[in-house]
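# Architecture at a glance
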Number of protein chains: 2
Amino acid sequence: MAASALEALIDALHLLPGVGQKSAQRMAFHLLQHDRVGAQTLADALDTALHDVRHCERCHTFTEAPVCSTCLDPERDPKLLCVVETPADQAAMERTGSYKGLYFVLMGRLSPLDGIGVSDIGLQALMDRTADGVVDEVIVATNFTAEGEATSHVIAEALKSREVRVTRLARGVPIGSELEHVDLGTIAHALVARR
Amino acid sequence: MAASALEALIDALHLLPGVGQKSAQRMAFHLLQHDRVGAQTLADALDTALHDVRHCERCHTFTEAPVCSTCLDPERDPKLLCVVETPADQAAMERTGSYKGLYFVLMGRLSPLDGIGVSDIGLQALMDRTADGVVDEVIVATNFTAEGEATSHVIAEALKSREVRVTRLARGVPIGSELEHVDLGTIAHALVARR
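Residues numbered from 1 in each chain as written. Chains lettered and ligands numbered in written order. Predicted model: local features only at pLDDT ≥ 70, side-chain atom pairs only at ≥ 80, totals over all residues. Heavy atoms only, no water.

## Description of the interface of chain A and chain B
When the parts come together, some accessible area is lost, and that loss is often what is quoted as the size of the interface. At the junction of the two partners, chain A supplies 48 residues and chain B supplies 48 residues. Each partner contributes to the roughly 4,500 Å² buried at the junction of chain A and chain B, and carbon and sulfur atoms together form 72% of this total. Between chain A and chain B we count zero salt bridges in total. At the level of elements, helix 1 (4-14), helix 2 (21-34), helix 3 (36-52), strand 2 (62-63) and helix 5 (87-96) of chain A are the ones that each hand at least two residues to the side of chain A that touches chain B. If one sorts the elements of the side of chain A that touches chain B by residue count, helix 3 of chain A sits on top with 14 residues. A per-class count over the side of chain A that touches chain B returns 29 nonpolar, 13 polar and six charged. (Contact = heavy atoms within 4.5 Å. Buried area = accessible area lost by both parts, 1.4 Å probe. Salt bridge = Lys/Arg side-chain N within 4 Å of Asp/Glu carboxyl O. Helix = DSSP H or I, 4+ residues; strand = E, 2+ residues; numbered from the N terminus. Nonpolar A, V, L, I, M, F, W, Y, C, P; charged D, E, K, R; others polar.)

Right, dumping it as structure tokens:
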């Protein structure tokens, strides 16, 4: 029943992560029937982003300039380098307002099950970045998931021979939580790391 | 932290139905980092669909020609007209393989709460369509939801003065279901409509 341009649109929407065949169909109908302006906006935004967005030469995050504004900010402490998995994680760090150093964004995490190995994340670029003679502490802020922990471990190993201190965000009981509802592993870790 | 082209892309993806801010961000990162070909495919598919897809002059569904292939099919019985809410509903009817008449696609349903009134669905076009002197039965196959039933009611009222029979898909117990798990309203209706 569908015209081929419509089917092509449904297939293309189906490429988006987390969008199944039925959702893709609903999105295509919605765009064509109720939001043609939005569809055009999306098409243009995709074209512009594909053309303009690249990786920062220093920290690897998305930017439209050769070096991103964070890396160029003279107010930031160049001796501190925080390693995160994604720009979203970087944004979460920024929202705390309590970090004034620079970043390195891996743009991924180790995930052997998905075929993402050491060469697929920016590990070599991180090595090059930490060799600038200025960085003296690398704060590993990968996620506290199995993949994030594995990534953290590989980074720590790789930086062992360097003249930099490698630290990890503290693990422990989250602020505002009741012990009754915190998982056992977290409590056990918090007990060992008590201070 | 995000470049403006990236923010524009996230905002545009956020326009899609069922996609929140976080999902939009994840989609944008995924497209730019892991699937640039997919992003280009989607941009092109949107442009093509916006340019080529229009409504069939006879049945109102999406098509790339002035009149869709279903309406032009000489094998179909032009005396039967099945009214559905969306092309997806039409596809569901087609999959049964047991309907050989034509269709009319409302491209919506009455939904006063969402501000969708009689003039926003193709009711006038349906009136014009049924005035061709050939159609002698209109099968109302709107959904069996509150909105779909209201839409069905309005269609039946509007067609009352016409020389056409208006029927509705039968309500009853779905094939393959156990009475224990069928809702009471359906069982009560099936009892009244027993044959």
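## Looking at the relation of the copies chain A and chain B
It takes a turn of 180° to lay chain A on chain B, together with a shift of 0.0 Å along the axis; the resulting RMSD is 0.1 Å. Look at the turn and shift together and you get a two-fold axis relating the two. In terms of C-alpha distance to the rotation axis, chain A has Ala43 of chain A as its closest residue, with the C-alpha 2.2 Å off the axis. Most of the interface of chain A is mirrored in chain B, where 100% of its interface residues again form contacts. (Least-squares fit on C-alpha atoms with pLDDT ≥ 70 in both.)

## Points about helix 1 (residues 4-14) of chain B
Among the residues making up helix 1 of chain B, those that are buried are Ala5, Leu6, Leu9, Ile10, Ala12 and Leu13 of chain B. In an axial view of helix 1 of chain B, the angular spread of the buried residues amounts to 165°, which keeps them on one side of the axis. Turning to helix 1 of chain B, the residues buried within the fold contact helix 3 and strand 2 of chain A together with helix 2 (21-34) of chain B. (Buried < 20%, exposed > 50% of the residue type's maximum accessible area, 1.4 Å probe, protein only. Arc of directions from axis to C-beta.)

## Side note on the pairing of strand 3 (residues 77-84) of chain B
Looking down a regular strand, the side chains alternate between one sheet face and the other. Residues and elements named next belong to chain B. Pairing geometry for strand 3 and strand 4 (residues 101-105), over five bridges, is parallel. Counted as the bridge partner of Val84 is Val105 from strand 4. The handedness of the strand 3 to strand 4 crossover, carried by helix 5 (residues 87-96), is right-handed. Where strand 3 lies against strand 5 (residues 137-140), four bridges are found, and the strand directions are parallel. Counted as the bridge partner of Leu81 is Val138 from strand 5. (Pairing = 2+ DSSP bridges. Right-handed = clockwise from strand over helix to strand, strands pointing away.)

## Thoughts on the pattern of salt bridges
Residue and element names in this part refer to chain A. In the structure shown here, the tally under the stated rule is 19 salt bridges over all chains. Here Glu157 makes a salt bridge to Lys160, at a shortest N to O gap of 3.3 Å. Classification of Glu157 as partly exposed rests on a relative accessible area of 41%. A network of salt bridges, in which partner residues are shared, links Arg58, Arg129 and Asp132.

## Details of the layout of surface pockets
The space that makes up the largest pocket amounts to roughly 810 Å³. As for the largest pocket, its lining consists of 31 residues, and the residues nearest its centre are Thr86, Ala88 and Arg109 of chain A together with Arg26 and Phe29 of chain B. Elements with a contribution of two residues or more to the lining of the largest pocket: helix 5 of chain A together with helix 1 and helix 2 of chain B. The element that contributes the greatest number of residues to the lining of the largest pocket is helix 2 of chain B, accounting for eight residues. Of the residues belonging to the lining of the largest pocket, the class tally is 12 nonpolar, nine polar and 10 charged. Taken as a whole, the second largest pocket encloses approximately 680 Å³ of empty space. Arg26 and Phe29 of chain A together with Thr86, Ala88 and Arg109 of chain B are the residues nearest the centre of the second largest pocket, which is lined by 27 residues in total. Where the lining of the second largest pocket is concerned, the elements lending two or more residues are helix 2 of chain A together with helix 5 of chain B. In terms of residue count, helix 2 of chain A provides more of the lining of the second largest pocket than any other element does, nine residues in total. Here the residues of the lining of the second largest pocket sort into nine nonpolar, 10 polar and eight charged. (1 Å grid on protein atoms, 1.4 Å probe; cavity = no way out; pocket = protein on both sides within 12 Å on 5 of 7 lines; lining within 4 Å. Points joined across faces, edges and corners; volume = space filled by probe spheres on them.)

Without other data, these values stay purely geometric and don't point to any function.
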